[in-house]
Amino acid sequence: MIDVINLKKNYGKLEVLKGITTTIKKGEKVAIIGPSGSGKSTFLRCLNCMEEPTSGAVIFEGVNLADKKVDINIYRREMGMVFQQFNLFNNKTVIDNIMLAPVIIGTHELRLKRHRNFLKKIRNKFSRNKDDFYEIDTTVAKIKAEARENAMRLLKRIGLEDKAHVYPSTLSGGQKQRIAIVRALAMNPKVMLFDEPTSSLDPEMVGEVLDLIEQLANDGMTMVIVTHEMGFAKKVATRVLFMDEGKIVEENTPQEIFSNPQNYRTQEFLSKVL
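Residues numbered from 1 in each chain as written. Predicted model: local features only at pLDDT ≥ 70, side-chain atom pairs only at ≥ 80, totals over all residues. Heavy atoms only, no water.

**Here's the deal with the sheet that holds strand 5 (residues 63–64)**
Alright, step 1. The four strands are arranged 2-1-4-5 in an open sheet whose pairing can be described as antiparallel. Two strands bound the open sheet, and with one partner strand each, they are strand 2 (14–24) and strand 5.
Alright, step 2. As paired strands, strand 1 (residues 2–11) and strand 2 are joined by eight bridges and run antiparallel to one another. Opposite Lys8, over in strand 2, you have Lys18 as the bridge partner.
Alright, step 3. Contacts from helix 1 (residues 40–47) reach strand 1, strand 2 and strand 4 (55–60), with the element oriented near 120 degrees to strand 1. (Pairing = 2+ DSSP bridges. Helix = DSSP H or I, 4+ residues; strand = E, 2+ residues; numbered from the N terminus. Contact = heavy atoms within 4.5 Å. Axes fitted to C-alpha atoms, helices over the stretch in contact; angles between N-to-C directions.)

Written out as structure tokens, the structure is:
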């Protein structure tokens, strides 16, 4: 699903990623672990080009997202992103937060089709070869209604349907992060990217967020998660990447990484965190 080839990222003279190559297959649950400053979050953000790679390729379903000619926004719709800080809009209700992206994208595509049909209609008046019109089977009202229905379905899934019309400031940290996750799910992504999703939470709230991520894993969602939760990585991941100083130093199954690490840096790191 995602092929990363010799990925490098520099900030000026600082080399953060030093040539990463790996493949993330459909249905995999890849956990990225390692010390702070090892490039984990930068690597994750390069996967959907929120951070523009300095060089190398990120090939998502045959398309190199690092190619500047590619409209990256089209492919970001298929790669849900959840951040350390929840990044909810505090001036919008919970349900409006979840509906926002589907409504914006849906109405934009509708208007684009209408505009193109208008241009085709003009061309057809002066041309022997008549263009077929784009089929339009929706309206702005229908787009909003479907987005609202889907948002409520997602809220019911996480048991927060009663919070649909409140503002994020009234929610606990765990509730905010679960809302952030279902907001990403509202776009029906093919892969989910999690950047230390529990690092900003109080310890008693970590479990409810990890439980939701585990549910998604059990449902077959492809996911890449940067995490300091070693127990969670061992339980849920199908593969673990250990990063240090901008490189993937070791990668293996959770069982091998946690029980029999081969690289001395992996051994040293795990001896401090387990």
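The structure having been displayed, the exposition proceeds.
**Quick look at the sheet that holds strand 3 (residues 29–33)**
Alright, step 1. As summarised here, the arrangement of the six strands in space is 6-7-8-3-9-10, forming an open sheet in which the pairing is mixed. Either end of the sheet is taken by a strand with one partner, and the two such strands are strand 6 (79–82) and strand 10 (247–252). Averaged over all pairs of adjacent strands, the angle between strand axes in this sheet comes to 15 degrees, irrespective of strand direction.
Alright, step 2. Note that strand 3 and strand 8 (residues 222–226) share four bridges and pair parallel.

**Side note on the pairing of strand 3**
Alright, step 1. With respect to burial, strand 3 is a largely interior element, five of its five residues being buried.
Alright, step 2. Along strand 3, one buried face is formed by Lys29, Ala31 and Ile33 and the opposite face, lined by Val30 and Ile32, is buried too.
Alright, step 3. Both strand 3 and strand 9 (residues 239–244) contribute to a ladder of four bridges, which runs parallel. Across the sheet, the residue bridging to Val30 is Arg239, located in strand 9. (Buried < 20%, exposed > 50% of the residue type's maximum accessible area, 1.4 Å probe, protein only.)

**A look at helix 1**
Alright, step 1. Most of helix 1 sits inside the fold, with seven of its eight residues counted as buried.
Alright, step 2. Along helix 1, the residues classified as buried are Lys40, Ser41, Thr42, Phe43, Leu44, Cys46 and Leu47.
Alright, step 3. Once helix 1 ends, the next one or two residues include Cys49, with phi positive near 60 degrees.

**Overview of the pattern of salt bridges**
Alright, step 1. Evaluated as defined, the whole model comprises 13 salt bridges.
Alright, step 2. The salt bridge involving Arg239 is made with Glu28; its shortest N-O contact spans 2.9 Å. With a gap of 211 residues between them, Arg239 in strand 9 and Glu28 in the loop between strand 2 and strand 3 connect regions that are remote in the sequence.
Alright, step 3. The buried category is assigned to Arg239, whose relative accessible area is 12%.
Alright, step 4. Assessed through its relative accessible area of 14%, Glu28 is described here as buried.
Alright, step 5. One salt bridge connects Glu208 with Arg178, and the closest N-O pair in it is separated by 3.2 Å. Residue Glu208 is found in helix 6 (residues 203–218), and its partner Arg178 is found in helix 5 (residues 173–185); the two are separated by 30 residues along the sequence.
Alright, step 6. For Glu208, a relative accessible area of 26% gives the class partly exposed.
Alright, step 7. Among the residues examined, Arg178 registers a relative accessible area of 13% and is labelled buried. (Salt bridge = Lys/Arg side-chain N within 4 Å of Asp/Glu carboxyl O.)

**Observations concerning empty space enclosed by the protein**
Alright, step 1. For the coordinates displayed, the defined rule picks out one cavity of 30 Å³ or more.
Alright, step 2. Here the largest cavity is characterised by a volume of approximately 30 Å³.
Alright, step 3. Taken together, Lys29, Ala31, Met223, Ile225, Phe232, Ala233, Val236 and Ala237 make up the lining of the largest cavity.
Alright, step 4. Ranked by residue count, the leading element in the lining of the largest cavity is helix 7 (residues 230–236), at three residues.
Alright, step 5. Across the lining of the largest cavity, the residue classes tally to seven nonpolar, no polar and one charged. (1 Å grid on protein atoms, 1.4 Å probe; cavity = no way out; pocket = protein on both sides within 12 Å on 5 of 7 lines; lining within 4 Å. Points joined across faces, edges and corners; volume = space filled by probe spheres on them. Nonpolar A, V, L, I, M, F, W, Y, C, P; charged D, E, K, R; others polar.)

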